[in-house]
Amino acid sequence: DAGITQSPRHKVTETGTPVTLRCHQTENHRYMYWYRQDPGHGLRLIHYSYGVKDTDKGEVSDGYSVSRSKTEDFLLTLESATSSQTSVYFCAIRGGQGLNEQFFGPGTRLTVL
Amino acid sequence: AQSVTQPDIHITVSEGASLELRCNYSYGATPYLFWYVQSPGQGLQLLLKYFSGDTLVQGIKGFEAEFKRSQSSFNLRKPSVHWSDAAEYFCAHVTSGTYKYIFGTGTRLKVLA
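Everything numeric here is computed off the predicted structure, so don't read it as measured data.

1. Some details on the overall build of chain A
Okay, so step 1: Per the secondary structure count, chain A includes 0 helices and 11 strands.
Okay, so step 2: The helix and strand sequence of chain A, counted from the amino end, reads β-β-β-β-β-β-β-β-β-β-β.
Okay, so step 3: For a compact globule of 113 residues, the expected C-alpha radius of gyration is about 13 Å, and chain A comes in at 13 Å, within 12% of that figure.
Okay, so step 4: Seen through its C-alpha atoms, chain A measures out along the principal axes to roughly 40 × 30 × 25 Å.
Okay, so step 5: Counting the 113 residues in chain A, one finds 50% classified as buried.
Okay, so step 6: Within the structure as shown, chain A displays about 5,200 Å² of accessible surface, and the carbon and sulfur contribution to it stands at 48%.
Okay, so step 7: Taken as two groups, the 12 positive and 12 negative side-chain charges of chain A have centres that lie 2 Å from each other.

So, in structure tokens, the structure goes:
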């Protein structure tokens, strides 16, 4: 257990609404990630962070922004939610042996109507 | 581009039968390889990992995997499947010194009683 929590766990929202998902970790990990999971696509990286205020884009970053103002929190914002952003979102940290392992949070199921 | 291929989308086995899930990766350098399991509505749990050394690695829940460089494969095996193994399995890799983990699209395992 890497001490990762995500909130909310479920959310239903309407198209055009801004949405913020939160990932919180308790073990001072430097690297944090946001993925989305969709059937047939596995996990795709949205954004990642390698320290406070240090973030970078992944392969599916369009329509998403992130912020990390303190080590323990990594926020994912959908600036104007669209139906194509209906997905399950997972946060992960990098730790373990040689800092090469990833550990995942429980996920947030987001539905955009 | 780096990629991970899991050629089997669905696999069905009888309880007590042996299991092999296939994973192929494409990258020249030695990758770090992982298998994760995801039960319905849950996050991803690390089953096992390969970094270097012995090419046969043991994981949790009685799973093992074998790294074969010549075939660019990292197949997951279990000698006797239990009904509780029904889940989705993801293969992933990361290259040492990089941030980006590449995931396969997953194999959903169904276990018949």
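There is more to say after this.
2. Comments concerning unusual backbone geometry
Okay, so step 1: In this chain, S7 of chain A is followed by P8 of chain A through a cis amide linkage whose omega measures -10 degrees.
Okay, so step 2: Topologically, P8 of chain A is positioned in the loop between strand 1 (4-7) and strand 2 (10-13).
Okay, so step 3: Its identity as a non-glycine residue notwithstanding, K61 of chain B has a phi of 60 degrees, on the positive side.
Okay, so step 4: If you trace the backbone, K61 of chain B turns up in the loop between strand 7 (56-58) and strand 8 (64-68).
Okay, so step 5: The phi dihedral of S72 of chain B is positive, around 50 degrees, even though this residue is not glycine.
Okay, so step 6: By the secondary structure assignment, S72 of chain B is in the loop between strand 8 and strand 9 (73-78).

3. Focus on the state of the cysteines
Okay, so step 1: In total, this model carries 2 disulfides over all chains according to the counting rule given.
Okay, so step 2: Residue C23 of chain A pairs covalently with C91 of chain A via a disulfide, S to S 1.9 Å. Between C23 of chain A and C91 of chain A the disulfide shows an S-S torsion of about -70 degrees. By sign, it is left-handed. With C23 of chain A in strand 3 (residues 19-25) and C91 of chain A in strand 9 (residues 87-95), this pair connects stretches of sequence that are 68 residues apart.
Okay, so step 3: Sulfur-sulfur distance for the disulfide between C23 of chain B and C91 of chain B comes to 1.9 Å. The sign of the -65 degrees torsion about the S-S bond sets the C23 of chain B-C91 of chain B disulfide as left-handed.

Quick notes on the rules
Residues numbered from 1 in each chain as written. Chains lettered and ligands numbered in written order. Predicted model: local features only at pLDDT ≥ 70, side-chain atom pairs only at ≥ 80, totals over all residues. Heavy atoms only, no water. Helix = DSSP H or I, 4+ residues; strand = E, 2+ residues; numbered from the N terminus. Rg over C-alpha atoms; globule rule 2.2 N^0.38 Å. Buried < 20%, exposed > 50% of the residue type's maximum accessible area, 1.4 Å probe, protein only. Areas by Shrake-Rupley, 256 points an atom, 1.4 Å probe, with all protein chains shown as cover. Lys, Arg positive; Asp, Glu negative; His and termini not counted. Charge placed at Lys NZ, Arg CZ, Asp CG, Glu CD. Disulfide = S-S within 2.5 Å.

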